[in-house]
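Given next are the chains, with one letter for each unit.
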Amino acid sequence: MSAPAPGEPRGALDRLGVLVAVAAVSAAVINYEIVLMRRLLVEHWHHFAYLVISAALLGFGASGTLLALLEHRVRRSPQAVLFWSAILLGVALAVLPRLAIALPVTAHFIPGDLWLQVGRWTLFWLAALGPFLLGGALLGAALTTAGPRAGQVYAANLFGSGSGAAVAVLLVSRFAVEQWLWPSLGLVGLAAFLLRTGRARVVGVLLLVGFIVALEWHRPLRPAYEEFKYAARLQQLVSQGAAQRVAWRCDPHGYVELYESELFHDLPFLALTQPAPPMYSLAINGDPAGSLLRIDTAAEAEVMDATLMALPYRLLASPPSVLLIGETGGTNVWLARRQQAARIDVIQPNAAVVGLVREFGGGVYDDPRVNLHVEDPRAFLRSVRAPQYDLIQIVALEGLGAGNAGVRGLAEDHLVTVEGIAQCLGALSPGGLVAVSRGVEQPPRENVRLVATFVEALEALGISDAAEHIIQVRDYLGVCTIAARLPLDDARRTALLSAIRELNLTPVWYAELSPEDVNRPDTLDGPPGTSVDWLHYAAREILSSRRAQFYDSWLLNVRPVRDDNPFFWDFYKPQAVGELRRAYGDLWLTRAELGRLFLYASLAVAGAVGVLLIILPLAVLAFWNRAGPRATAMSVARAARDTAQTAVARGSADWAVTPATSMLATIVYFGGIGLGFMGLEMALISRATAWLGDPVLASAAVIGAVLVVGGAGSLASARVVGRRLWLGPLLVAGVAVLLRAAAWSSADSLGTGLWALVSASLVLAFFMGMPMPTGVALLNERTPRLAPWAWGINGVSSVIATSAALVVAMSTGYRTVVALAAAAYALATLAGVLLSASRRLSGGSIMPRPPARD
Amino acid sequence: MTTRLIGALLLLPLVSACTQAKDEPPADEATSTAPPSTTQPALATQPATAPAAALPPHVTLDADGRLQWPRPRMGERERERGRMVDTQIARGDRWRDAVRDERVLAALRAVPRHAFVPDSHRGNAYDDTPLPIGHGQTISQPYIVALMTELLAVKEGERVLEIGTGSGYQAAVLNELTPYVYSLEIIEPLCRQAAELLTRLGYTTVRVRCGDGYHGWPEEGPFDGIIVTCAAGHVPPPLWDQLKPGGRMVIPIGGTYETQRLVVLSKQSDGQRQSRNVLPVRFVPMTGRMQSP
């Protein structure tokens, strides 16, 4: 550890206050990360929540570069560096989010506006990255100057981060949007106070606090919706006096708003026969989430009888037992009540939505037949002990939109996987039906994938003649897809034909449907030379032996998804890009699956920016410091070769200390644990999303748990791992392999194995906290100049891993992600063997001395 | 198959919008009490009790009993209009079918699109693209206007309702085919601007009303054709009610800010619906009506 500078307190870094300050800053930064994720989800789209993780890691990685540039100052005056980092971080947290929000960024590429949007998004992410950069610099400075107490500092970092995640979840669940950053600001103020020395710095703390309070008072951070977001249009109506927001609630599952206006008249799949009654409009995270009818009795909901959702009731003989999954505004409850349902179970995980419907829904739930369950749908289905439902309507999928032009492509949906639908089918009574209504799309994709998913779910239950169990019917607006436990019998066929006639519907598929009866009265495009529509064609192919060829030939990816890759809304196919470009020219992006393209772009940009901000400056700095201004690459290489030859000549025991080997081992070690750490974390977030139903909540839970438990691992690392640098990654790789086998097995790992899975994840997180501090401690002891490299390489690899994990998961599943993460840790194990065997070189540097100058 | 499937996907960028929502009851629109004239905006003026069979002002019958009404002709930039029709509309390609109705093509050749766009975009008036017209709205791409007009299959003397006047261009094109054009616009400045422009240019039989298009124009219904130039989650039941049996409606259907479908609906003699999906389009939403997802 370096000697303190004049005026610096002796043993400054030994002060408990520094550890508390590190914990406070860690909590503040993680809180900012979670809050930013939720704000982006609310104000923009789901995909950007994942980009925040990349931005955070990039910021941390770039902080390593900053520390390398300021290395001398950091080592000479660590307390001052820590203090001023805290002050700057406080200013950044107050100012930069406001700058980012002021930028008119959008997720919808406007033709001709593409590069302007790219520029705006670049500025947005640079502004968002600032607090991570400054926070990372503070934490990195504390870590790299802590000497043998690096483990304590790292543990404080992890514990603080875990606490910050927990606080963030509480914030976004209970408080208004403009209050979400207050804890971060307060914690940074506390850190600055704890790190102060001298009266001048006290003044600095007071000025910071005053600045923050004034800014929050005069310019609160209210929601700023993207212009194409549903909530933005609602806000427009409000500003014109045509609507008013009557209520808002925060819930771990989302930010819920309820609006009232005489202009709201829409229901999904409203028939032409009569207009809808007055209604409220519900928005969750800024997106449309249904309507609440402003009625008091079921008699006033007559309009629901002519919707597509009424069709399944026509196929049921006796008063049915109904399960409504994901019901929001209560319209399907009114329908079930009108259809004389014997029992109506409603699943809605968002308690805030349930509360609003109770308050404003006109008593829709005030019926002894209605039972509310505020829990995750898959968890509820697991609790169903015996098949009992005559009708399960997956209301959560109702809607017209084709996945919002693909921006929803990265959203995970664990209900509409083969396993999820199989669970629904398993809860049906013998004559029961599972039904989903979605809008007609062009080209067809969601409704095709629904048929494919229903078919494979039926096959998973041992039903081989799925063609007899599938019904698909549509009108000019939407498609109702039904899967039945029993084959279509004569009675049900008669009821179906009667309903088709009375509701003026168009059949798409049912057993023994004649092609002549398809595609009228509402005509859609179909294969040339035929009278059928593409939906009928797709159902026919899926239900035939040509299924695989059909999946390959369809323009979009419509294969069913599974729990391992639960991306129902992703239809991307690489070959579609070429076709879209030929069809649309420069406007092809308006038709493309934007979610996947965003991901590829973010992966490329993150990697490039990481190299630019982190690796390149470090490389330049290392070259300049070692070689001197007049050195040439040739002279450096010649010196490195001479050193290597000398080391080899000393004997085989010294082979590990060659400069190239040590450098390579450092890169592989810290790069490997960076790749592996984020790969595992992303996989765990996916599993947690399946349990908890919300990606931000899941991210907070996983990030928090990994950091806290990992912090414990860091504290224990010196005792468990010591100088055996290879042991930490080896333990992680081993548990990851076991976890892979357990978490994504064919059995329902979300059920009985849940606690075993959680326990294994915690053990994994414990070991994941070990490699980094032991590696940094070893570097600090033997090659201190490599510490910034380690920090930077770890940061870049983590950034890349965040997006790369999603790419792999969407293509081949999360099991592959875990396998690759385990492989990365295995490589780090090998590198750890080399680093553990290396010895301190004379001069304390792995680089050769520059050639003597005349 | 894939190629054919792609053949159904046509290039149709963002086109004209309806509107900022305003809570205006349909009957309480801005009107003047005087009958429309060449010096006044062609706003809705006739009392609801006017007999539908009576010829409106400026509409006469010639010796052969054929309707005659003002259809102004402007020679300025005529060649550009001709080229626009020949290259963008009358000539199809792999991704869009040609518009073949000669009456529609003649209407597009006649109506001066450049007069309906702001000065800043006059130079691009005949390009194959929508253009901004202020108030967050756009004038539709020429091909879309032509296609929707052809799909509406307007016969001379039929009554047509347009939802979303916007610049007034579509209304002018319709007016080339029939004198009985009724157009609703919810954004009042646009509404008045379009009404004044149409009158000034000489399209004096077009009647423009400021109001919410969701409820249609019941006093002047039923209509032989209804054309909607903004996306909707469903066909507004009031509009369907105002469509005559045998009538046609052309409307983009779909979610907001997404790819919608241009749909033609026909009302059968028994009131039942037949529909035909035409092609994917991208309209901004009928913001007067909040759309479900």
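Residues numbered from 1 in each chain as written. Chains lettered and ligands numbered in written order. Predicted model: local features only at pLDDT ≥ 70, side-chain atom pairs only at ≥ 80, totals over all residues.

## Focus on the overall build of chain B
Worth spelling out the cut-off: Helix and strand labels come from DSSP, where a helix needs a run of H or I of at least four residues and a strand needs a run of E of at least two; each type is numbered from the N terminus. We call a residue exposed when 12 or fewer other C-beta atoms sit within 10 Å of its C-beta, buried when the count reaches 20 or more, and partly exposed for counts in between; the C-beta positions come from the backbone.
Along the backbone of chain B there are seven helices and 11 strands. For chain B, with 293 residues in total, the buried portion stands at 58%.

## A short note on the overall build of chain A
Of the regular secondary structure elements, chain A holds 28 helices and 13 strands. Buried residues in chain A amount to 60% of all 854 residues.

## Observations regarding the confidence of the model for chain A
Do not read the predicted coordinates in detail wherever pLDDT is low. All names here are of chain A. Our working rule: Per residue, pLDDT measures the predictor's confidence, with a range of 0 to 100. We call two residues in contact when their backbone-placed C-beta atoms lie within 7 Å.
Scored by pLDDT, chain A comes out at a mean of 83, with 87% of its residues at no less than 70. Across residues 1-10 the pLDDT falls below 50, and counting only partners more than four positions away or on other chains, this stretch makes 13 contacts in the model. A low-confidence stretch, residues 841-854 (pLDDT under 50), is modelled with 26 contacts involving residues beyond four sequence positions or located in other chains.

## Observations concerning the sheet that holds strand 10 (residues 260-267) of chain B
Stated precisely, the cut-off is as follows: If DSSP finds at least two bridges between two strands, the strands pair.
The strand order across the open sheet formed by eight strands is 13(A)-11(B)-10(B)-9(B)-8(B)-5(B)-6(B)-7(B), and the pairing between neighbours is mixed. Each edge of the open sheet is held by one strand with a lone partner, namely strand 13 (522-523) of chain A together with strand 7 (206-210) of chain B. By the bridge criterion, five bridges tie strand 5 (residues 159-163) of chain B to strand 6 (residues 180-185) of chain B in an arrangement that is parallel. The residue of strand 6 of chain B that forms the bridge with B:Ile163 is B:Leu184.

## What about the packing of helix 1 (residues 16-43) of chain A against helix 23 (residues 695-720) of chain A?
Residues and elements named next belong to chain A. What counts here: For helices, the fitted axis covers only the stretch in contact; all axes are lines through C-alpha atoms, and the angles between them, taken along N-to-C directions, range from 0 to 180 degrees. Throughout, the term roughly parallel applies to angles under 35 degrees, roughly antiparallel to angles over 145, roughly perpendicular to angles from 65 to 115, and oblique to all others. By convention, the crossing between two helices is left-handed when the near helix turns anticlockwise from the far helix through less than a right angle, and right-handed when the turn is clockwise. Polar here means any residue outside two lists: the nonpolar Ala, Val, Leu, Ile, Met, Phe, Trp, Tyr, Cys and Pro, and the charged Asp, Glu, Lys and Arg; Gly therefore counts as polar.
Where helix 1 contacts helix 23, the axes come no closer than 10 Å and their chain directions differ by 165°. Judged on the interaxial angle alone, helix 23 and helix 1 are roughly antiparallel. Considering only the axes of helix 1 and helix 23, their crossing is right-handed. For the pair helix 1 and helix 23, the contacting residues are Ile-30, Ile-34, Met-37, Arg-38 and Leu-41 in the first and Val-696, Ser-699, Ala-700 and Ile-703 in the second. Grouping the amino acids of the contact of helix 1 with helix 23 by side-chain chemistry returns seven nonpolar, one polar and one charged.

## Focus on unusual backbone geometry
In this structure, the amide linkage connecting A:Gln442 to the following residue, A:Pro443, adopts the cis form with an omega of -5°. Within the fold, A:Pro443 resides in the loop between strand 9 (428-439) and helix 15 (446-460). The omega torsion of the bond from B:Gly221 to B:Pro222 falls at -5°, within 30 degrees of zero and hence cis. Following the sequence through the fold, B:Pro222 ends up in the loop between strand 7 and strand 8 (223-228). With a phi angle near 60°, A:Gln340 is a residue other than glycine that sits in the positive phi range. With respect to the helices and strands, the residue A:Gln340 is situated in the loop between helix 11 (331-338) and strand 6 (343-347). In this structure A:Gln340 comes out as exposed when scored by C-beta crowding, with 12 C-beta atoms within 10 Å.

## Remarks on the domain arrangement of chain A
All names here are of chain A. We apply this condition: For every domain, the bounds stem from an assignment made automatically or drawn from a database.
Per the domain assignment, the segments of chain A are domain 1 (1-225), domain 2 (306-580) and domain 3 (581-843). The interface of domain 1 with domain 3 comprises 44 residues on the first partner and 49 residues on the second. For the side of domain 1 that touches domain 3, the secondary structure elements donating two or more residues are helix 1, helix 2 (47-69), helix 5 (114-144) and helix 6 (150-174). Per element, the largest residue contribution to the side of domain 1 that touches domain 3 is 16 residues, and it comes from helix 2.

## Quick look at the nonpolar core
All names here are of chain A. Put simply, the rule is: Nonpolar cores are built from buried Ala, Val, Leu, Ile, Met, Phe, Trp, Tyr and Cys residues. These are joined into a set through C-beta atoms within 7 Å.
Residues Val-25, Ala-86, Ala-191 and Ala-736 are the most contacted members of the largest nonpolar core, which totals 373 residues. Top element by residues in this core is helix 1. It accounts for 19 residues. Setting aside residues up to four positions removed in sequence, Ala-736 forms contacts with Leu-680, Leu-764, Val-818, Ala-821, Ala-822 and Tyr-825.

## Side note on helix 3 (residues 102-110) of chain B
Note: α-helices contain 3.6 residues per turn, so residues at a spacing of three or four share the same orientation. Residue and element names in this part refer to chain B. Where we set the bar: To be clear, the arc concerns the directions from the helix axis to the C-beta atoms.
Here helix 3 has its buried residues at Val-104, Leu-105, Ala-107 and Leu-108. The arc enclosing the buried residues of helix 3, seen along the axis, measures out at 155°, which places them on a common side. Next to the buried residues of helix 3 lie helix 2 (78-89), helix 4 (142-152) and helix 5 (169-175).

## Focus on the environment of A:Leu555
For A:Leu555, the position within the fold is in the loop between helix 18 (547-553) and helix 19 (574-584). Spatially, the C-alpha atoms of A:Leu555 and A:Gln575 are 7.7 Å apart, while their sequence positions differ by 20 residues.

## A look at the sheet that holds strand 11 (residues 478-484) of chain A
Residue and element names in this part refer to chain A. Read across the open sheet, the eight strands follow the order 7-6-5-8-9-11-10-12; overall the sheet is mixed. What marks the edges here is a single partner per strand, and that holds for strand 7 (370-373) and strand 12 (506-509). Pairs of neighbouring strands in the sheet enclose a mean axial angle of 20°, with direction left out of account. The sheet contact formed by strand 8 (residues 389-394) and strand 9 spans four bridges and is parallel. The residue of strand 9 that forms the bridge with Ile-392 is Val-434. Lying on the sheet, helix 17 (residues 534-542) is in contact with strand 10 (470-474), strand 11 and strand 12; it crosses strand 12 at an angle near 25°.

## Thoughts on the environment of A:Gln179
The topology assignment puts A:Gln179 in the loop between helix 6 and helix 7 (182-195). Taking C-alpha positions, A:Gln179 is 8.2 Å from A:Pro220, a pair spaced 41 residues apart along the chain.

## Remarks on the pairing of strand 5 of chain B
Residue and element names in this part refer to chain B. The element strand 5 is largely enclosed, with a buried count of five among its five residues. The side-chain alternation of strand 5 yields two buried faces, one formed by Arg-159, Leu-161 and Ile-163 and the other by Val-160 and Glu-162. Pairing of strand 5 with strand 8 involves four bridges; the strand directions are parallel. Counted as the bridge partner of Glu-162 is Ile-227 from strand 8.

## Concerning helix 1 of chain A
Formally: To estimate the expected span of a helix, count its residues, drop one, and scale the result by 1.5 Å.
Given a rise of 1.5 Å per residue, 28 residues ought to cover 40 Å, and the 40 Å separating the end C-alpha atoms of helix 1 of chain A matches this to within 8%. Of all 28 residues in helix 1 of chain A, 25 are buried; the element is thus mostly enclosed.

## Some remarks on the confidence of the model for chain B
All names here are of chain B. Predicted confidence across chain B gives a mean pLDDT of 78, with 77% of residues reaching 70 or more. Segment residues 1-52: pLDDT under 50, and 147 contacts once partners within four positions in sequence are set aside and those in other chains are kept. Within the model, pLDDT remains below 50 along residues 287-293, and this stretch shows 40 contacts once partners closer than five positions in the same chain are excluded. Scored by ipTM, the complex comes to 0.77, with pTM at 0.83.

## Overview of the pairing of strand 11 (residues 273-281) of chain B
The pairing of strand 13 of chain A with strand 11 of chain B spans two bridges and is classified as parallel. Residue pairing in the sheet places A:Asp522 in a bridge with B:Ser275 of strand 11 of chain B. Bridging between strand 10 of chain B and strand 11 of chain B involves eight bridges; their strand directions are antiparallel. Within strand 11 of chain B, the position partnered with B:Leu265 by the bridge is B:Ser275. Counting the residues in the hairpin turn of strand 10 of chain B and strand 11 of chain B gives five residues, including B:Gly271, whose phi is positive at 85°.

## Quick word on the environment of A:Ala80
Its place among the elements puts A:Ala80 in helix 4 (residues 78-102). Under the C-beta neighbour-count criterion, A:Ala80 is labelled partly exposed, with 19 such atoms within 10 Å.

## Some points on the packing of helix 1 of chain A against helix 6 of chain A
Residue and element names in this part refer to chain A. Where helix 1 contacts helix 6, the axes come no closer than 6 Å and their chain directions differ by 40°. If you check the angle between helix 1 and helix 6, you find them oblique. Relative to helix 6, the crossing made by helix 1 is right-handed. A class-by-class count of the residues in the contact of helix 1 with helix 6 yields 18 nonpolar, eight polar and one charged.

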